[in-house]
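Observations on the model geometry
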Amino acid sequence: MAAWMTLNGTPPLVIAHRGASGDRPEHTLAAYELAIALGADYVEPDLVPTRDGVLVARHENNLIDTTDVGDRPEFSDRYTTKQIDGQTCSGWFTEDFTLAELKTLRVRERLPFRDQSFNDQFQIPTWEEILILVRQAEQTTGRTIGIYPETKHPSYFQSMGLPIEAPLLQGLTHYGYGHPDDRICIQSFETQNLQDLRSLTALPLIQLIGQATEIQVDSDRPYADLLTPEGLAAIAQYAQGIGPDKRWIVPSHPTDAGQLLSPTDVVNRAHACGLWVHPYTFRNEPQFLHPAYATPRQEYQQFFRLGVDAVFSDAPGEAIAAREALA
């Protein structure tokens, strides 16, 4: 057995990023079901509200790229342009639809180089439907299946009177979650959102950390500030782990796109603060895989050897195979 360098000395976990989103349209029950069948330790839904305050799973509240809304003349008047977290976005947005209206839409694969054969077959799932799916799958498989929800744009939705936190926690409580040891991790790119949640729940919280060029929405600080010794110590006061962009751990060369630099000490520094490290996002396709890796397995195994505690993967089956090969 491999001597794992994770914080707890246990094998790293595999988080199915938006479900098995490399093989099914992201954030569909079908994507979560496939991820569970492949053996993922967690499924990861991103949560946004409807106009009537129901949480649904979408990576973005803009529906333009992941549904057939653009082909639905009954909703043509909902097309609009908004400012969300400093970005100008045009399209159709979940907060302008009731749940009943959203349920009439059908989901489509976002990326053109992925399988399009499942388009228009699935609905947008609600948070409750995901919770039911996981609880039923646990009964069927006899496994404990984790859920890793992300609060998307929490400050934006708070300003609209559509807070995410209360319905998120109400759903978890209703389905029996709430103990610190439950396999639930709540993640956010915002710090205040997580600090507020800390006073409301004992469940593990994960501070997401964006790319080096990105600024944190709710503080106007560069994400690099969160990875200083002071920043990590502050995170440890309210969260159990960090979810950094993987280039914080294995940076790419600033001028040579085909070269990676030596790994940083981010994992060791976070572990020294008692924080898990869950980097994102691992994908199989050549459009995403850094050319320094001959195969996706090489990338997974480099990060596993560096001691990460989990990985966000669009291809959980590949991540599990890489973990098993090391063990």
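The sections below set out a description of the structure shown in this document. Nothing here was measured: the structure is a model prediction, and the numbers come from that model. (Residues numbered from 1 in each chain as written. Predicted model: local features only at pLDDT ≥ 70, side-chain atom pairs only at ≥ 80, totals over all residues. Heavy atoms only, no water.)

**Regarding the nonpolar core**
Among the nonpolar cores identified, the biggest contains 79 residues, and L172, I186 and I242 are the most heavily contacted of them. When sequence neighbours within four positions are dropped, the list of residues in contact with L172 reads W127, L131, Y177, I184, I186 and L203. (Core = buried A, V, L, I, M, F, W, Y, C linked by side-chain atoms within 4.5 Å. Buried < 20%, exposed > 50% of the residue type's maximum accessible area, 1.4 Å probe, protein only. Contact = heavy atoms within 4.5 Å.)

**A word on the packing of aromatic side chains**
Applying the stated criterion across every chain yields a total of 13 aromatic pairs. With a centroid separation of 5.0 Å and an interplanar angle of 70°, the aromatic rings of F75 and F97 are classed as edge-to-face. Here F75, found in the loop between β4 (55-57) and β5 (80-84), pairs with F97, found in the loop between β6 (87-91) and α2 (99-102); they are 22 residues apart in sequence, far enough to count as distant. What makes F97 buried here is its relative accessible area of 0%. An aromatic cluster is present here, built from W4, F282, Y300, F303 and F304 joined pairwise through their rings. Directly above the aromatic system of F97 lies the positively charged group of R78, at a separation of 5.0 Å from the ring centroid. Here the basic side chain of R283 rests over the ring of F288, its NZ or CZ set 4.6 Å away from the ring centre. (Phe/Tyr/Trp six-rings, centres within 6.5 Å; stacked < 30°, edge-to-face > 60°. Helix = DSSP H or I, 4+ residues; strand = E, 2+ residues; numbered from the N terminus. Lys NZ or Arg CZ within 6 Å of the ring centre and 35° of its normal.)

**Brief notes about helix α5 (residues 165-174)**
Within an α-helix, residues lying three or four positions from one another point in the same direction, as the helix has 3.6 residues per turn. Residues of α5 that are buried: E165, P167, L168, L169, G171 and L172. G176 sits one or two residues past α5 and shows a positive phi near 90°.

**Topic: the pairing of strand β3 (residues 46-49)**
Burial along β3 is two-sided: D46 and V48 and L47 and P49, pointing in opposite directions, are all buried. Looking at chain direction, β3 and strand β8 (residues 150-151) are connected through 2 bridges and run parallel. Along β8, the bridge assignment pairs L47 with T151. In terms of strand pairing, β3 meets β4 through 3 bridges, oriented antiparallel. Note that in β4 the partner of P49 across the bridge is L55. Between β3 and β4, which pair antiparallel and follow one another directly, the connecting turn spans 5 residues, one of which, G53, has a positive phi of 80°. (Pairing = 2+ DSSP bridges.)

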